[in-house]
Amino acid sequence: MVALAQAEPAVLPGMAVSIAHVDHSFDLDGQVLPVLSDVTLDIQPGEFVALLGPSGCGKSTLLRLVAGLDTPKSGSIEADGLPIAGPDPSRVVVFQDPTLYPWRTVHDNVALGLQAQGLLKSHRHRIGEAISLVGLDGFAKAFPQQLSGGMAQRAALARALVNDPRLLILDEPLGKLDSITRISMQSELVALWQRSNFTTLLVTHDIEEALFMATRLVVFSGRPARIKADIAIERPYPRHRSDPYLTGLRHKAMELLGLAETW
Amino acid sequence: MAWLPVAFFLFPSSWSASVFLIALATGIPVAILTWSGVSSVPSSYYDIARTLGGSQRFLVLRVAIPAALPHVFVGLFMGLTSAFVVLVVAEMMGVKAGLGWYLQWAQGWAAYGNMYAALLVMAVVCSSLVTLLFKVRNHLLSWQKGLVRW
């Protein structure tokens, strides 16, 4: 809530997402592989929700459903009370891989969303703003292959933010970065989220990352994923990794993931 | 090459037969490599464009085509060289015009000076066409600089 108090006056509030009794499965050569089982989750506007679960449990599938890239086998997903029919630039995804187009410069990659929506002429100034927001000033003319992993992920973040998303979907965005870059980008992401007022949905398998960044932690079981626990993280920002409150929650999350004996 | 006799039999003039042979020789590598280029575009490229509001048309023009272009150029290079080979062979075998035919004819008259001159012209034409294609490629795929060298 501190975050919302600090935020600049906003044009559009964050998006409310309502996931109700969602089941999903994949068909693999005639075999049905269930991935999500009766997932129900209500996300309030402006929340920062972290989804935590064992690798391959179906968290990313849930994100694809929320993004509108796939449709659930049963159950409903609503954004601001309206069912999600397909992808929409108000719900933008940042994937684990930056997936920048190698034939476009950083500037042109960031411009992608505006170009796709035909807003390039009227919103051109936003491209430079987004690039400096993620700290890539001076790299607008660089090609993706000239960037380091962290810089490429920053560019991917700028490409998402330029569209003024109301829901930012982060699918392990820091998963492939070195730990130093990851730690500094965690703080930057939180600062970005505090400054604007989009809702954030983060998939991660880093417990500490989830506790450091989110206002709410949702723990999933192994495949098929069902919600095991929904924990509010009532701590103001900036947070400290050594905070005993967070350490306590970390212990609890590890218990939920069946890793208590390593504590 | 195997199509030569069939083509000369099926087509009314040796001109149209050689057009057919060249189309065959260039069309196949270009088509196959364009196809493989388009199908090798990672699906995540499309996911990105879709979440950012890209239409079907946008996905084709702004994602599939630029992503497949490096493969298309490989096909074009293969097509260009095989077009040359087929043309010259066709001229040597049936077509009554062109450098390949002239080469054969000059050789028949033991006019070796003329023969080597024809050979030289052929080499110059072929290499300048390849150079031209390289120029076009370097212009369109300038982003590949430092990424791929061939």
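Rules behind the numbers
Residues numbered from 1 in each chain as written. Chains lettered and ligands numbered in written order. Predicted model: local features only at pLDDT ≥ 70, side-chain atom pairs only at ≥ 80, totals over all residues. Helix = DSSP H or I, 4+ residues; strand = E, 2+ residues; numbered from the N terminus. Buried ≥ 20, exposed ≤ 12 C-beta atoms within 10 Å, placed from the backbone. Contact = placed C-beta atoms within 7 Å. Domains from an automatic or database assignment. Nonpolar A, V, L, I, M, F, W, Y, C, P; charged D, E, K, R; others polar. Expected span 1.5 Å × (residues − 1). pLDDT = per-residue confidence, 0-100.

Attention now goes to the overall build of chain B. From N to C terminus, chain B includes 6 helices and 0 strands. Of the regular secondary structure in chain B, the N- to C-terminal order runs α-α-α-α-α-α. C-alpha atoms of chain B, sized along the principal axes, occupy 70 × 35 × 20 Å. In chain B, which comprises 150 residues, the share counted as buried stands at 24%. Counted over contacts in chain B with a minimum sequence separation of 6, partners at least 24 positions apart contribute 59%.

In this section: the domain arrangement of chain A. Residues and elements named next belong to chain A. As assigned here, chain A comprises domain 1 (15–90 + 167–263) and domain 2 (101–164). One C-alpha centre belongs to domain 1, the other to domain 2, and the line joining them spans 25 Å. Contact with domain 1, which involves 7 residues of that partner, is made by 7 residues of domain 2. Across the side of domain 1 that touches domain 2, the residue classes tally to 5 nonpolar, 1 polar and 1 charged.

All names here are of chain A. Under the 1.5 Å per step criterion, the end-to-end length of helix α7 (residues 149–161) is 18 Å for 13 residues, consistent within 8% with the ideal 18 Å. The complete set of buried residues in α7 reads Ala152, Gln153, Arg154, Ala155, Ala156, Leu157, Ala158, Arg159, Ala160 and Leu161. Buried residues along α7 sit in contact with β6 (91–94), α3 (106–110), α4 (112–116), α6 (125–133) and β7 (167–171).

Another point: the environment of Ile231(A). Residue and element names in this part refer to chain A. Tracing the sequence through the fold places Ile231 in strand β10 (residues 227–232). Look at Ile231 and you get partly exposed, because 18 C-beta atoms sit within 10 Å. For the pair Ile231 and Val49, spaced 182 residues apart in sequence, the C-alpha to C-alpha distance is 9.8 Å.

Counting from both sides, the interface comprises 14 residues of chain B and, opposite them, 20 residues of chain A. For the side of chain B that touches chain A, the secondary structure elements donating two or more residues are α3 (43–51) and α4 (56–93) of chain B. If one sorts the elements of the side of chain B that touches chain A by residue count, α3(B) sits on top with 7 residues. Here the residues of the side of chain B that touches chain A sort into 8 nonpolar, 4 polar and 2 charged.

So, on to the confidence of the model for chain A. Averaged over all residues, the pLDDT of chain A is 88; the fraction at 70 or higher stands at 95%. α3(A) holds the highest mean pLDDT among the elements of chain A, 94, whereas helix α1 (residues 2–6) of chain A holds the lowest, 46.

With that settled, the discussion passes to unusual backbone geometry. All names here are of chain A. Pro224 follows Arg223 through a cis peptide bond whose omega is -5°. Looking at the element boundaries, Pro224 is found in the loop between β9 (216–220) and β10. The phi dihedral of His21 falls on the positive side, at around 50°, and the residue is not glycine. With respect to the helices and strands, His21 occurs in strand β1 (residues 17–28). With 12 C-beta atoms packed within 10 Å, His21 lands in the exposed category.

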